[in-house]
Amino acid sequence: MPILSLPIFPSLDSAIASIFGNNNRILHTSPVAGGDINEACRLELTDGTRVFMKANRKDNLSFFTAEAAGLEAVSRTGVIGTPELLCYGTDEDRGGFSFLLMEWIQGERRISNYWETFAHQLAAMHRAPTQNFVSGGTYGFDQNNYIGARPQTNTANDSWVAFFRDCRLEPQFRSAEHYWGNGDLKRIGWLLDHLGDFLVEPENPSLLHGDLWSGNVIEGNDGRAWLIDPAVYVGHAEADIAMTELFGGFPQGFYSAYRETGLLQPDYEGRRDLYNLYQLLNHLNLFGRSYLSSVRRILDKYVK
Ligand code: ADP
């Protein structure tokens, strides 16, 4: 499902002129806080239009092609809000950077049942057909992407358990190899060989956001929760819900509404930490040793 519709520009100025008209220029640029990978800012144009821009080093354009493909996939399900994509490009004029432009989200007043509505819309996304997102297998995604700033491989597989082992846990354990002694390596090998004792194949595959923590759920233009900054792939819906619980969790109303949809299989709680082991290993590989004890706690839980 490579996205073909999004234009690519050789400079920020040419992108603005082409999308918003030759009379439009950037009047102000203000930084937006909150992201941890890219520079984010709000551009204000001469006609008053606001645009959201993410920028990174010139050689990191692939962050943005991957993000755009993810947002496009979420948007194609047609059941939940995402910002409208405008274009991406690299800019040589101002020192060399890559950028992604999208609609500026101006969160309106939240609807009254914000979290319950979000749970239902997320469940609808999890129930949307997935065949167009991955070919050659049921799980994965038609292009590789990133989880934070680290590459995420999405090679298609007909087994969710095998996909989660080969494309999620195994590469992260390998990148963290300097942390493991011989005893650890044996236990990690055992866990990977016995993953099917703990994880289950889903009843139906789901398009996942893939990095669903509270910073990636934003109040959208319709007062509902919109999704930003995804690391999409087709997998088990439980992995998205597990991620929401990793760093503080969402309000209870979200969980009771999501539970009613029946997408969590029995004993989800027994699998939750294994899904989050992937995210914690990624944090260990990105941010270092402070995540090691959480990783070890999960290993201890599943490997006696
Ligand atoms: P990063 O890729 O660095 O993690 P994010 O996608 O999380 O960056 O975005 C950084 C900040 O910008 C967040 O605080 C987020 O709420 C805000 N943001 C993201 N997309 C938009 C948008 N389209 N309009 C307005 N603000 C946005």
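Here, every reference points to the structure presented above.
Treat the numbers as computed from the prediction; the structure is a model and nothing was measured.

Draft legend 1. Quick peek at the site of the ligand. Residues in close proximity to the ligand total 19 residues, the closest being Ala33, Asn38, Lys54, Glu103 and Ile105. Side-chain polar atom of lysine 54 to an oxygen atom of the ligand: 2.6 Å apart, as the coordinates give it. In this structure, isoleucine 105 approaches the ligand through a main-chain N or O atom, which is 2.8 Å from a nitrogen atom. Alone, the ligand offers 560 Å² of accessible surface; in the complex the protein occludes 90% of this. More than half of the atoms of the ligand fall within 2 Å of the grid points belonging to the largest pocket. Going through the elements one at a time, β4 (50–57) and β6 (97–103) are the ones with two or more residues in the shell around the ligand. Residue composition of the shell around the ligand, grouped by class: 11 nonpolar, four polar and four charged.

Draft legend 2. Summary view of empty space enclosed by the protein. Scanning the model with the defined rule gives one cavity of 30 Å³ or more in all. By volume, the largest cavity is sized at about 70 Å³. Around the largest cavity sit Phe164, Leu208, Gly210, Tyr233, Ala239, Asp240, Met243, Tyr275, Asn276, Tyr278 and Gln279, which together line it. Those elements that place two or more of their residues in the lining of the largest cavity are α6 (237–246) and α8 (268–287).

Draft legend 3. Quick look at the packing of aromatic side chains. If you walk through the whole model with that rule in mind, you get 25 aromatic pairs. Taking the centre distance of 5.2 Å and the plane angle of 85 degrees together, the rings of tyrosine 114 and tryptophan 115 count as edge-to-face. Exposure remark for tyrosine 114: the relative accessible area of 4% places this residue in the buried category. Overall, tryptophan 115 belongs to the buried group, its relative accessible area being 16%. Relative to tyrosine 302, the ring of phenylalanine 198 lies with its centre 5.2 Å away and its plane at 75 degrees, an arrangement referred to as edge-to-face. Highlighted residues: phenylalanine 198 in the loop between α5 (182–193) and β9 (206–208) and tyrosine 302 in helix α9 (residues 292–302), separated in sequence by 104 residues. For phenylalanine 198, a relative accessible area of 24% puts it in the partly exposed group. Cluster of aromatic residues (ring-pair linked, three or more members): Tyr114, Trp115, Phe118, Phe250, Phe254, Tyr255 and Tyr258. When the ring centre of tryptophan 104 is taken as origin, the NZ or CZ atom of arginine 42, which lies over that ring, is 5.4 Å away. Over the aromatic face of tyrosine 233 sits the side chain of arginine 168, whose NZ or CZ is 4.1 Å from the ring centroid.

Criteria and thresholds
Residues numbered from 1 in each chain as written. Predicted model: local features only at pLDDT ≥ 70, side-chain atom pairs only at ≥ 80, totals over all residues. Heavy atoms only, no water. Near = heavy atom within 4 Å. Polar contact = N/O pair within 3.5 Å; in protein donor to acceptor, adjacent residues only side chain to side chain. Areas by Shrake-Rupley, 256 points an atom, 1.4 Å probe, with all protein chains shown as cover. 1 Å grid on protein atoms, 1.4 Å probe; cavity = no way out; pocket = protein on both sides within 12 Å on 5 of 7 lines; lining within 4 Å. Sits in = over half its atoms within 2 Å of the grid points. Helix = DSSP H or I, 4+ residues; strand = E, 2+ residues; numbered from the N terminus. Nonpolar A, V, L, I, M, F, W, Y, C, P; charged D, E, K, R; others polar. Points joined across faces, edges and corners; volume = space filled by probe spheres on them. Phe/Tyr/Trp six-rings, centres within 6.5 Å; stacked < 30°, edge-to-face > 60°. Buried < 20%, exposed > 50% of the residue type's maximum accessible area, 1.4 Å probe, protein only. Lys NZ or Arg CZ within 6 Å of the ring centre and 35° of its normal.

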